[in-house]
Amino acid sequence: MKTADFLIIGGGIAGLSAAAQLARHGKVLLVEGEASLGYHASGRSATFYHFGLGNAPVRALTACSRDFFERPPEDFAEAPLCRPTPALFIARENAVEALAAMEAGMKLYTDTTSRVSLSQVEALCPILKTGPSGVVEAVVDTGGRRLDADGLLQGYARALKRAGGEVHTGQRIVSVKREGSSWTITSEKGEQFAAPILINAAGAWADALAGMAGVAPIGIQPKRRTIIQFDPPSGMEIADWPFVKAAIDEFYMLPESGRIMASPVDEVDSDPVDAAPEDYDLALAAWQVEEYTKLSVSRIAHRWAGLRSFVADRVLVAGFEPEAEGYFWLAGQGGYGLQTAPTMARCVESLLCDTPWPEDLAAMGVTAETLSPTRASLNR
Ligand SMILES: Cc1cc2nc3c(=O)[nH]c(=O)nc-3n(C[C@H](O)[C@H](O)[C@H](O)COP(=O)(O)OP(=O)(O)OC[C@H]3O[C@@H](n4cnc5c(N)ncnc54)[C@H](O)[C@@H]3O)c2cc1C
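Values in this document were obtained by computation on a predicted structure and should not be read as measured data. (Residues numbered from 1 in each chain as written. Predicted model: local features only at pLDDT ≥ 70, side-chain atom pairs only at ≥ 80, totals over all residues. Heavy atoms only, no water.)

Caption draft 1: Layout of the site of the ligand. Close to the ligand lie 38 residues, the nearest being Glu32, Ser42, Phe48, Gly334 and Gln339. Between the ligand and the protein, one listed contact pairs an oxygen atom with a backbone N or O atom of Ala14 at 3.0 Å. Protein contacts shield 97% of the accessible area of the ligand, which totals 1000 Å² for the unbound molecule. Listed by contribution, the elements that provide at least two residues to the shell around the ligand are α1 (13-22), β15 (221-230), β20 (302-310) and α9 (337-353). Here the shell around the ligand is built from residues that sort into 16 nonpolar, 16 polar and six charged. (Near = heavy atom within 4 Å. Polar contact = N/O pair within 3.5 Å; in protein donor to acceptor, adjacent residues only side chain to side chain. Areas by Shrake-Rupley, 256 points an atom, 1.4 Å probe, with all protein chains shown as cover. Helix = DSSP H or I, 4+ residues; strand = E, 2+ residues; numbered from the N terminus. Nonpolar A, V, L, I, M, F, W, Y, C, P; charged D, E, K, R; others polar.)

Below you can see the structure in the form of structure tokens.
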């Protein structure tokens, strides 16, 4: 049996970022069921940092994470963790009000947004349809960032190991028990790990994992999202295009290694599974590309789907379970787990190690109660 001060189940961005932060205070063991880290949601994202999604607490967590992405600790990563990339939010006639509401929400958290004319839209992304049958209004955020998901995951894993922590992959946990003053978890291979504090960072599986310990669910709902990649017309230079997102949730696209990556922004309820794209959503993605742009998708070169897991109020969850001593939730990362991870890790550290609550976050109105698993808006 391996023992530690903190036991974390889940080797995605949530578990890894918390693990690296907690390793400054004690011995951390992180256990992941898959053979590699970031196999599920964390390895399937669009890897973009922006304010065009989420509610006020999510935007605050996003704003307070920017500094980490731009200036990570020394030795954290070999290459920059983020690349400045404008985010262009667009509206057709039916979405003008939605764009205004989104702009107002974003302005509370960043001073880098501004309205752009249709000729500026065409200069930023020449394939977008503009005018009566296309984009009629747009906002650009020059503070958008393309994140390096792999760089982040590996950076946190390295920081954890450097501080004496351990990562155990290929250890799917099948039993969780409180024995005396410790939690003991057992993998399907029969290996055991124990610590007084157990952190549930199991993403889409968070409620299923809680069930193993007899802990009541927090209402995690995984929702499938689909991404396609296709080739641009030959000779078209796309590397400097922005991240483009419709003001109503039906389309986004961005350039990726010479290809165009697009999503129909689908949110289909799912069980916690190894998500795969469905034909309908792939067709919808291609159709939305043709609706919003002058391109047609003759061949989908690459496709995938992942689960974004939400609780009822769509705010992330971090805090102790009152009914089970030493049981800590870190879940509900939704569609913003990467861009909020550095600040969530600081919150976890504060809640578990009595360090001060992040002042920058408190100044934006986000307290421990906002993230608590006992908050009323979770309807538990
Ligand atoms: C298509 C798509 C696009 C996205 N785009 C963005 C974006 O642009 N920006 C952004 O910030 N976010 C984005 N997200 C959201 C982001 O990917 C997630 O919020 C984040 O990855 C969730 O991290 P996590 O660690 O909670 O979950 P996961 O990465 O799913 O990690 C949970 C881990 O727990 C493990 N686990 C579960 N049960 C057990 C068990 N019993 N034993 C051992 N291990 C277990 C799983 O194997 C898994 O590896 C996107 C997501 C998707 C799907």
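Don't stop here, the text continues.
Caption draft 2: Geometry of the domain arrangement of the protein. Entries for the protein in the domain assignment read domain 1 (2-47 + 149-220 + 313-378) and domain 2 (86-143 + 221-310). One C-alpha centre belongs to domain 1, the other to domain 2, and the line joining them spans 31 Å. Taken residue by residue, the interface counts 18 residues in domain 1 and 20 residues in domain 2. In total, about 1500 Å² of surface goes out of reach between domain 1 and domain 2, with carbon and sulfur atoms giving 55% of it. In terms of surface lost to domain 2, no three residues of domain 1 exceed Arg44, Ala46 and Arg314, which account for 38% of the buried area on that side. Applying the counting rule to domain 1 against domain 2 returns two salt bridges. Across the contact surface, domain 1 and domain 2 share nine residue pairs in polar contact (both at pLDDT 80 or more). Looking at the side of domain 1 that touches domain 2 residue by residue, the classes come out as eight nonpolar, eight polar and two charged. (Domains from an automatic or database assignment. Contact = heavy atoms within 4.5 Å. Buried area = accessible area lost by both parts, 1.4 Å probe. Salt bridge = Lys/Arg side-chain N within 4 Å of Asp/Glu carboxyl O.)

Caption draft 3: Representation of the environment of Leu99. Its location among the elements puts Leu99 in helix α4 (residues 96-107). Residues Leu99 and Ser350 lie 251 residues apart in sequence; the distance between their C-alpha atoms is 36 Å. Beyond its immediate stretch of four places on either side in the chain, Leu99 contacts Phe89, Ile90, Ala91, Arg115, Glu137, Ala138, Val139 and Ala247.

Caption draft 4: Layout of α4. Spanning twelve residues, α4 covers 17 Å between terminal C-alpha atoms, matching the ideal 16 Å at 1.5 Å per step. Listed as buried for α4 are Leu99, Met102, Glu103, Gly105 and Met106. For α4, the arc enclosing every buried residue in end-on projection is 165°, short of the 170-degree limit, so these residues lie on one face. The outward face of α4, more than 90 degrees from its buried face, is lined by the exposed residues Glu97 and Ala101. Where α4 is buried, its residues touch α2 (56-63), β6 (87-91), β7 (113-116), β8 (137-141) and β16 (243-246). (Expected span 1.5 Å × (residues − 1). Buried < 20%, exposed > 50% of the residue type's maximum accessible area, 1.4 Å probe, protein only. Arc of directions from axis to C-beta.)

Caption draft 5: Representation of the sheet that holds strand β11 (residues 173-179) in the model. An order of β1-β13-β12-β11 is seen for the four strands of this open sheet, with the pairing classed as mixed. Of all the strands in the sheet, just β1 (2-3) and β11 have a single pairing partner and so form its edges. Two strands pair when backbone bridges link them, and β11 and strand β12 (residues 182-187) are joined in this way by six bridges, in the antiparallel orientation. Residue pairing across strands places Lys177 opposite Thr184, the latter belonging to β12. (Pairing = 2+ DSSP bridges.)

Caption draft 6: Structural detail: the pairing of strand β13 (residues 192-195). With two bridges joining them, β1 and β13 adopt parallel strand pairing. When the sheet's bridge partners are listed, Thr3 is paired in β13 with Ala194. Here four bridges tie β12 to β13, and the two strands are oriented antiparallel to one another. Bridged to Trp183 within β13 is Ala195. In sequence, β12 turns back onto β13 through a hairpin of four residues, with Gly190 there showing a positive phi of about 90°.

Caption draft 7: Here's a closer look at the pattern of salt bridges. Within the structure shown, the criterion is met by 23 salt bridges. Residue Asp274 is joined to Arg44 by a salt bridge in which the shortest nitrogen-to-oxygen separation is 2.6 Å. In this pair, Asp274 is assigned in the loop between β19 (268-269) and α8 (279-292) and Arg44 in the loop between β3 (28-31) and β4 (48-49), connecting sequence segments 230 residues apart. The exposure class assigned to Arg44 is buried, which follows from its relative accessible area of 15%.

Caption draft 8: Spatial organisation of the packing of α1 against α9. It is at 8 Å that the axes of α1 and α9 come closest, and there the two elements cross at 45°. Classified by the angle their axes make, α1 and α9 are oblique. Crossing of α1 over α9 shows right-handed handedness. Here Ile13, Ser17, Ala18, Gln21 and Leu22 of α1 come into contact with α9, specifically with Gly337, Leu338, Ala341, Ala345, Arg346, Val348, Glu349, Leu352 and Cys353. (Axes fitted to C-alpha atoms, helices over the stretch in contact; angles between N-to-C directions. Parallel < 35°, antiparallel > 145°, perpendicular 65-115°, else oblique. Left-handed = near helix turned anticlockwise from the far one by under 90°.)

Caption draft 9: Local environment of the nonpolar core. Counting residues in hydrophobic clusters, the biggest one holds 74 residues, and the most contacted among them are Ile8, Leu22, Leu152, Ile199, Leu330, Leu352 and Leu371. Taken domain by domain, the makeup of this core includes at least three residues from each of domain 1 (2-47 + 149-220 + 313-378) and domain 2 (86-143 + 221-310). For Ile199, the contacting residues outside a window of four places in its chain are Phe6, Leu7, Ile8, Ile9, Leu22, Phe328, Leu330 and Leu352. One finds Ile127, Ile228, Ala246 and Phe251 within the second-largest nonpolar core, a separate group that totals 28 residues. (Core = buried A, V, L, I, M, F, W, Y, C linked by side-chain atoms within 4.5 Å.)

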